[in-house]
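Here's the letter readout for the chains.
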Amino acid sequence: MAKTSVKLEASWKSRLSDEFEKDYMVELRQFLNDEKSAGKQIYPKGGQYFYALDQTPFDKARVVILGQDPYHGPGQAHGLCFSVTPGVRLPPSLQNVFKEIRQQLGIEFNGNGCLIPWAEQGVLLLNAVLTVEEGQAASHQGKGWEAFTDKVVELLNERDEPLVFMLWGAHAQKKGKQIDREKHLVLTSPHPSPLSAHRGFFGNQHFVKANEFLKEAGQQPIDWSVPPL
């Protein structure tokens, strides 16, 4: 992840290139190399660490959904928060996200949990931590990724155009404290996890509110459907 070698979408690389020379990123790179040398399986694969940024260029972002860290099961994570690779069984949190969209907008889902169509419309699906060890949830927290993704949020917050931020759960809400609520729409609720969804994620109306905000700002609403496999 040296500045000269990192592969990253151009609009993001121009804004984030200095981050790759900072001490925390050097230490993070060493940590990841050591983990791989020890034979540990890291998700997602290396070319997908920055997939959320690659799929949603800086100027194209319109909605930001903040997750915690990638899924830690085989074949699930591919660099977009809450999303899974095509054909993979839907995780419980994503099932609840789809259930809420169905309730709000009447959209039916068919088992495809790959959210690339959202990303291509400007929904930045960003995890706070971009890697994880197989079978070990939150295993890469506190290793440096948080500083990097804080910078991403800072850059988005400074944009002139208004954005929608969906902050589900205490972790995402803490990360979103720096967001200017006078300029951007910040939507908060409990996390869609089965442990907390019934405490206020269900019924939060975030997808409807996001599209209303975008339309009022003269932008196209998001099509929250996911095409079949």
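Let me sum up the structure you'll find in this document. These numbers come from a predicted model, not from an experiment.

### Some points on the environment of Tyr51
- Mapping Tyr51 onto the fold places it in helix 3 (residues 51–55).
- Spatially, the C-alpha atom of Tyr51 lies 9.8 Å from that of Ala119, the residues being 68 residues apart in sequence.
- Those residues within four positions of Tyr51 in sequence are excluded, and the remaining contacts are His78, Gly79, Leu80 and Ile116.

### Brief notes about the pairing of strand 6 (residues 185–189)
- Note that strand 5 (residues 164–168) and strand 6 share five bridges and pair parallel. Following the sheet pairing, Phe165 is matched in strand 6 by Val186.
- As for the winding sense of the linkage, the β-α-β connection from strand 5 through helix 7 (residues 170–175) to strand 6 is right-handed.

### Some details on the pattern of salt bridges
- In total, this model carries seven salt bridges according to the counting rule given.
- Notably, a salt bridge pairs Lys175 with Asp150, separated by 2.6 Å at the nearest N-O pair. Highlighted residues: Lys175 in helix 7 and Asp150 in helix 6 (residues 145–157), separated in sequence by 25 residues.
- For Glu154, the salt bridge is made with Lys151, and the minimal N-O distance between the two is 3.3 Å. Within this pair, Glu154 and its partner Lys151 are both found in helix 6, separated by three residues, close to a single helical turn.

### A look at the sheet that holds strand 2 (residues 63–67)
- Sheet architecture is open: four strands sit in the order 3-2-5-6, paired in parallel fashion. Since the sheet does not close on itself, it has two edges, and those belong to strand 3 (123–127) and strand 6, each with one partner. Direction aside, the axes of adjacent strands within the sheet are offset by 20° on average.
- Against the sheet, helix 6 engages strand 2, strand 3 and strand 5, with an angle of about 150° to strand 3.

### Things to note about the packing of helix 4 (residues 92–105) against helix 8 (residues 206–216)
- Put simply, helix 4 and helix 8 touch, their axes get as near as 8 Å, and they point 60° apart. Looking at the two axes, helix 4 sits oblique to helix 8. For the pair formed by helix 4 and helix 8, the contact residues are Val97, Glu100, Ile101, Gln104 and Leu105 on the first element and His206, Phe207 and Val208 on the second.
- Here the contact of helix 4 with helix 8 is composed, by residue class, of five nonpolar, two polar and one charged.

### Quick notes on unusual backbone geometry
- Cis geometry is found at the peptide bond from Tyr43 to Pro44, where omega equals -10°.
- The topology assignment puts Pro44 in the loop between strand 1 (42–43) and helix 3.
- A positive phi angle, close to 65°, is found at Ala138, a residue other than glycine.
- Relative to the assigned elements, Ala138 resides in the loop between strand 4 (132–133) and helix 6.

What counts and what doesn't
Residues numbered from 1 in each chain as written. Predicted model: local features only at pLDDT ≥ 70, side-chain atom pairs only at ≥ 80, totals over all residues. Heavy atoms only, no water. Helix = DSSP H or I, 4+ residues; strand = E, 2+ residues; numbered from the N terminus. Contact = heavy atoms within 4.5 Å. Pairing = 2+ DSSP bridges. Right-handed = clockwise from strand over helix to strand, strands pointing away. Salt bridge = Lys/Arg side-chain N within 4 Å of Asp/Glu carboxyl O. Axes fitted to C-alpha atoms, helices over the stretch in contact; angles between N-to-C directions. Parallel < 35°, antiparallel > 145°, perpendicular 65-115°, else oblique. Nonpolar A, V, L, I, M, F, W, Y, C, P; charged D, E, K, R; others polar.

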